[in-house]
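Residues per chain, in single letters:
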Amino acid sequence: MTTPTRPLPIAIARWTSRLRWLRWLDALLAWLTILLGLTVLFPHMPAQAAMMLAAGLILTVSLIPRLRLAWRPISATTTLSLSRRLRPGDRAWFVHGSGADLVLVTARHGLRVVVARPGHDAAEGMSVRRTRVLLIAAA
């Protein structure tokens with residue numbers, strides 16, 4: 001990525017750091033869900049054993065990319081609510097783990113959005129799910 005000529009807007013820089021916290025909240029919710037399931041299925045299991053087993057299951061499941069990408073209840077809800085007003089022709093910030101890029105929304109199909117990124121072929125768009133990426137409308 002090239003050095004931007006202008007710094008990121010403050011709100012976008014904040015969302016870049018919040019995205020990591022949202023992913024951790026998803027993991028915490030998964031751990032609590034598994035812990036609750038273990039206590040319901042095995043009511044006589046000691047609490048420490050149930051916590052350790054739940055943590056082990058979360059670590060094991062996190063090694064499977066499909067399951068890790070599928071379980072995003074908190075971050076998916078947040079990203080959907082932030083990108084719900086985006087329409088074709090709108091400019092938006094595409095926030096990812098290493099920064100943010102200004103993109104152009106070229107199409108919208110339910111949960112999928114096609115965006116054109118700078119430095120790529122203008123006719124070639126990138127189709128992304130709004131539950132997996134953070135798109136924030138540019139002011």
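In this numbering scheme, every chain counts its residues from 1 along its sequence in written order. Restriction of local features to residues with pLDDT of at least 70 applies here, the model being predicted, together with a cutoff of 80 or more for giving and counting side-chain atom pairs; totals for whole chains, interfaces and linings are based on all residues. Only heavy atoms go into the side-chain values, all of them from the structure, while hydrogens and water stay out.

## With respect to the overall build of the chain
Along the backbone of the chain there are four helices and five strands. For the purposes of this entry, the term helix denotes a DSSP run of H or I that reaches at least four residues, the term strand denotes a run of E that reaches at least two, and both are numbered from the N terminus. Along the chain direction, N to C, the helices and strands of the chain fall in the order α-α-α-α-β-β-β-β-β. Put simply, the radius of gyration uses C-alpha atoms, and a globule should come to 2.2 Å times the residue count raised to 0.38. Against the compact-globule benchmark of 14 Å for 139 residues, the chain has a radius of gyration of 19 Å, which places it well outside the compact range. Using a 1.4 Å probe on the protein chains alone, a residue whose accessible area is under 20% of its type maximum counts as buried, one over 50% counts as exposed, and one in between counts as partly exposed. Each of the 139 residues in the chain was classed as buried or not, and the buried ones make up 30%. Residue contacts are counted whenever heavy atoms from the two residues lie within 4.5 Å of one another. Once local pairs closer than 6 in sequence are excluded, the contacts in the chain between residues at least 24 apart make up 49%.

## Things to note about the pairing of strand β2 (residues 99-109)
Pairing between strands is defined by DSSP: at least two bridges between them are needed. Relative to β2, strand β1 (residues 91-96) runs antiparallel, the two sharing six bridges. Residue pairing in the sheet places Val 95 in a bridge with Ala 100 of β2. Where β1 folds back onto β2 in an antiparallel hairpin, the turn is made up of two residues. Of the pairings in the sheet, the one linking β2 to strand β3 (residues 112-116) comprises five bridges and is antiparallel in character. When the sheet's bridge partners are listed, Arg 108 is paired in β3 with Val 113. Taken together, β2 and the strand that follows it, β3, pair antiparallel across an intervening segment of two residues, in which Gly 110 is found at a positive phi of about 65 degrees.

## Concerning the confidence of the model for the chain
Taken over all residues, the pLDDT of the chain has a mean of 90, while the share at 70 or more is 94%. Model confidence for the chain, summarised as mean pLDDT per element, is weakest for helix α3 (residues 65-70) at 88 and strongest for helix α2 (residues 47-62) at 95. Confidence scores here are pLDDT values: one per residue, from the predictor, ranging 0 to 100.

## Regarding the sheet that holds strand β5 (residues 134-137)
Ordered by their spatial adjacency, five strands build an open sheet running β4-β3-β2-β1-β5, and the pairing between neighbours is antiparallel. Because the sheet does not close on itself, it has two edges, and the strands there are β4 (126-129) and β5. Direction aside, the axes of adjacent strands within the sheet are offset by 45 degrees on average. Angles run from 0 to 180 degrees between N-to-C directions of axes, and those axes are lines fitted to C-alpha atoms, restricted for helices to the stretch in contact. On the sheet, helix α1 (residues 10-41) packs against β1, β2 and β5 and is oriented at approximately 35 degrees with respect to β1. Sheet strands touched by helix α4 (residues 73-83): β2 and β5. Its angle to β5, the strand with the most contacts, is close to 25 degrees.

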